[in-house]
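Here is what each chain is made of, one letter per residue.
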Amino acid sequence: MSRPNLLPFFGLAFRTPTTYAARVENNQKRQGMNATSPIIEATNLDKFYGDFHALKDVDLTVYQGQKMVICGPSGSGKSTLIRCFNGLEWHNSGKLVIDGIEVHEHAKEIRALRQEVGMVFQQFNLFPHLTVLENLTIGPMKVRKISQKQAQETARQYLERVHIPEQAEKYPAQLSGGQQQRVAIARSLCMETRIMLFDEPTSALDPEMINEVLDVMVELADTGMTMVVVTHEMGFARKVADTMVFMEGGRIVEVSPPEQFFTNPSSERCRLFLDQILEH
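Since we're looking at a predicted model, the values are computed, not measured.

Peer 1: Looking at this structure, how should I read the overall build of the protein?
Peer 2: Within the protein, the secondary structure is distributed over eleven helices and ten strands. Relative to its full complement of 280 residues, the protein shows a buried share of 52%. Within the protein, contacts between residues separated by at least 24 positions form 70% of all contacts whose residues are at least 6 apart in sequence. Summed over its atoms, the accessible surface of the protein is roughly 13,200 Å², and 47% of this surface lies on carbon and sulfur atoms.

Peer 1: What should I look at first to understand the sheet that holds strand 10 (residues 251–256) in this one?
Peer 2: Where strands meet in a sheet, backbone hydrogen bonds hold them as pairs that are either parallel or antiparallel. Taken together, the six strands give an open sheet; going across it, the order is 6-7-8-3-9-10, and neighbouring strands pair in mixed fashion. The open sheet has two free edges, formed respectively by strand 6 (117–120) and strand 10, since each of these has just one partner strand. Looking at each pair of strands side by side, their axes are set apart by 15° on average, direction ignored. Direction of pairing for strand 6 relative to strand 7 (residues 195–199): parallel, over a ladder of four bridges. When the sheet's bridge partners are listed, Val-117 is paired in strand 7 with Ile-195. Its contacts with the sheet put helix 7 (residues 177–190) on strand 6 and strand 7, and the angle it makes with strand 6 is roughly 175°. The sheet contacts of helix 11 (residues 268–278) involve strand 3 (67–71), strand 9 (243–248) and strand 10, and relative to strand 9 the element is tilted by about 100°.

Peer 1: Whenever I open this one, the sheet that holds strand 5 (residues 101–102) confuses me. Can you help?
Peer 2: If you walk across this open sheet you meet the four strands as 2-1-4-5, and the pairing is antiparallel. Two strands close off the open sheet at either side, each with one partner strand: strand 2 (52–63) and strand 5. Sheet topology places strand 1 (residues 38–49) next to strand 2; eight bridges connect them, and they run antiparallel. Paired with Glu-41 across the two strands is Thr-61, which belongs to strand 2.

Peer 1: Please explain the nonpolar core as it appears in this structure.
Peer 2: The nonpolar side chains of soluble globular proteins are, as a tendency, buried together. Counting 48 residues, the largest nonpolar core has Ile-185, Met-196, Phe-198, Met-217, Met-227 and Met-244 as its most contacted members. If you tally residues by element for this core, the top one is helix 8 (residues 207–222), at nine residues. Sequence-distant contacts of Ile-185, that is, excluding residues within four places in its chain, are made with Val-120, Val-162, Met-196, Phe-198, Val-213, Val-216 and Met-217. Judged by nonpolar contacts, the second largest core, of 27 residues, contains Val-62, Leu-81, Cys-84 and Met-119.

Peer 1: I would appreciate a short explanation of the pattern of salt bridges in the present structure.
Peer 2: Two side chains of opposite charge can pair, provided their charged atoms sit close to one another. Within the structure shown, the criterion is met by eight salt bridges. Between Lys-47 and Glu-89 there is a salt bridge, and its shortest N-O distance comes to 3.7 Å. Of this pair, Lys-47 sits in strand 1 while Glu-89 is found in the loop between helix 3 (78–84) and strand 4 (93–98), placing the two residues 42 residues apart along the sequence. Glu-89 carries the same exposure label as Lys-47, and that label is buried. For the salt bridge of Glu-89 with Arg-83, the shortest nitrogen-to-oxygen distance reads 3.6 Å. Classification of Glu-89 as buried rests on a relative accessible area of 17%.

Here is what the cut-offs are and how they apply
- Residues numbered from 1 in each chain as written.
- Predicted model: local features only at pLDDT ≥ 70, side-chain atom pairs only at ≥ 80, totals over all residues.
- Heavy atoms only, no water.
- Helix = DSSP H or I, 4+ residues; strand = E, 2+ residues; numbered from the N terminus.
- Buried < 20%, exposed > 50% of the residue type's maximum accessible area, 1.4 Å probe, protein only.
- Contact = heavy atoms within 4.5 Å.
- Areas by Shrake-Rupley, 256 points an atom, 1.4 Å probe, with all protein chains shown as cover.
- Pairing = 2+ DSSP bridges.
- Axes fitted to C-alpha atoms, helices over the stretch in contact; angles between N-to-C directions.
- Core = buried A, V, L, I, M, F, W, Y, C linked by side-chain atoms within 4.5 Å.
- Salt bridge = Lys/Arg side-chain N within 4 Å of Asp/Glu carboxyl O.

What is shown is where atoms sit, not what they do.
See the structure below:
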């Protein structure tokens, strides 16, 4: 049986990461970027699906090392927004700059940019025919062009970080949902990304498996990684976030520090949302 073509998944057949990294470095030097500079800048973003207006004039800035949690009711545009952040969706108007590079449908560097922006989805998206170790090493070997030995060493280090080193030789179907999601997190980390996006990473898990994934994300936040997380896990948000964002109807309604967000939100709609979600 022929093996599936994995190249599109990892964004191959494009410019090398060194070319991208050099351009980012040059842009950052030219723009005077530093540790407190924006790493994601969205300005007046609009996104349509046919007649449906999914994102409406969205302005949002994420700084290097920031931990941002985005919440809101279903259909508010949360997932659409972070999918725009790594080019899985294209905005129709406005401006989006990621890591010093402007992102749009015809951007030459978009596939290389995706190598710097990791994403963990609701579903695990692991290759079922590959072992855990193979799932973690195939991207770095094919995209970063590192040796198998180096890729395996890095993969085992990240499996240690997510607390499942003993699962390296197993296949995804042999793991629990929580373990598979931790493998997905480790896979993104193996690409040595600068930004991690999480799209409701615990929504597909059984309740008893949620904490094991959230614990790993808390540890990751403590390393200083830039994180943008879409979630309804408000306990996690209180513990990790330095910025809370509330969305509704494709718009950003509120951006505030966690203490203000949870104790004295400025918008009535945000207050109602929190009353409903924290009641249970």
